[in-house]
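This is what each chain is made of:
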Amino acid sequence: MAAVFSRLRQLQDGWDSYGAPAPSEKAIANAFTLVTEAINHGLAVDRAEPSAMGGVGITFSEGMREVVVEFYNADTAHALFSDDAADDARTAAVPTDGAGYKWIIDEVQKHLDGN
Amino acid sequence: MSVNRERFGAADEARKGFDPADWAVVAFLVRDIPPRISWVHIVQVYRLLVRHVPESGNYPHSEVRVWRKVEERLALITSRLNDDFPVDDPDRNEELGRPDALLDPDFHMRWRKHIALACKLTLTPRTVDGNGEGTLR
């Protein structure tokens, strides 16, 4: 995962050939904090990737259930909780502070567990 | 979103210039793109259109473009500038707005999920054996 974040830091504006902004250091740092906290809580991270919105997306999944948390360059974050089997999806804003990380990790765990 | 349109070429052309061992091709139907979407919890209206945008060496290249209604006008959501569009592009003179200003994360994340679910695997990554015969893996 450290190598992935290293590559994220090397992206330039327009990395998608459509002018997408490179992830900011703040977005990368926020995403890295979530990944670190998630691993500390025993959650496996599927992938980390740049967002065309400008930022970094972190994906967790279990079977047909998935959570994507996107950290944007403006120091905001948003999450999509989906269950393909139930054809269900909801979104939520994620505060980028200590309480926000604790909340989203709990929510990710509950969603992946089917609760 | 950058895509290739089947009407203008075969699926394999989507990975032309790339190692087919590394790339699969997935497809969705044009009708999977709703022409107008409104997410009811936030009063926002988006419009989506497919444009054929041929590229050098990739004639079928097309783009799914998204507009958002802003004060009764539609603004094309893009990080590009007007001059970045080809001179014959029908949207070259559109009013533009940057994704970070106009693209609500709710819409962006739900749209991406919608298309991911609509996608069907068309071509798997391919290896070529010693006889030059294409095999699937």
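Every value quoted in this text rests on a predicted model; they were computed, and no experiment measured them.

Caption draft 1: Spotlight on the interface of chain A and chain B. Every contact between the two is made by 18 residues of chain A and, on the other side, 17 residues of chain B. When chain A packs against chain B, close to 1,500 Å² is buried across both sides, 58% of that on carbon and sulfur atoms. Counting the contacts that link chain A with chain B gives three salt bridges. A salt bridge links Asp 84 of chain A to Lys 113 of chain B; the shortest N-O distance between them is 3.2 Å. Our count for the chain A to chain B interface comes out at 12 residue pairs in polar contact (both at pLDDT 80 or more).

Caption draft 2: Region of interest: the packing of helix α1 (residues 2-10) of chain A against helix α2 (residues 25-40) of chain A. Residue and element names in this part refer to chain A. The N-to-C vectors of α1 and α2 enclose an angle of 170°; their axes lie 10 Å apart at closest approach. Accordingly, the angle class assigned to the pair α1 and α2 is roughly antiparallel. Contact residues: Phe 5, Leu 8 and Arg 9 in α1; Glu 25, Ile 28, Ala 31, Phe 32 and Val 35 in α2.

Rules behind the numbers
- The written sequence of each chain sets the order in which its residues are numbered from 1.
- Whichever chain is written first becomes A and whichever ligand is written first becomes 1, with later ones labelled in order.
- Note on the predicted model: pLDDT of at least 70 is required for a residue's local features to be given, and 80 or more for side-chain atom pairs to be given and counted; whole-chain, interface and lining totals, by contrast, use all residues.
- Excluded from the side-chain calculations are hydrogens and water; all other atoms, namely the structure's heavy atoms, are used.
- Here a residue-residue contact requires only that any non-hydrogen atoms of the pair lie within 4.5 Å.
- A simple way to read buried area is as the amount of 1.4 Å-probe accessible surface that goes missing from two parts once joined, with both sides added.
- Any Lys or Arg side-chain nitrogen found within 4 Å of a carboxyl oxygen on Asp or Glu counts as a salt bridge.
- By the criterion applied in these results, polar contacts are pairs of N or O atoms within 3.5 Å in which, for protein atoms, one can donate a hydrogen and the other can accept it, and in which residues neighboring in sequence qualify only through two side-chain atoms.
- To obtain each axis, a line is fitted to C-alpha atoms, and for helices this fit is confined to the stretch in contact; angles are then taken between N-to-C directions over 0 to 180 degrees.
- Helix and strand labels come from DSSP, where a helix needs a run of H or I of at least four residues and a strand needs a run of E of at least two; each type is numbered from the N terminus.
- Throughout, the term roughly parallel applies to angles under 35 degrees, roughly antiparallel to angles over 145, roughly perpendicular to angles from 65 to 115, and oblique to all others.

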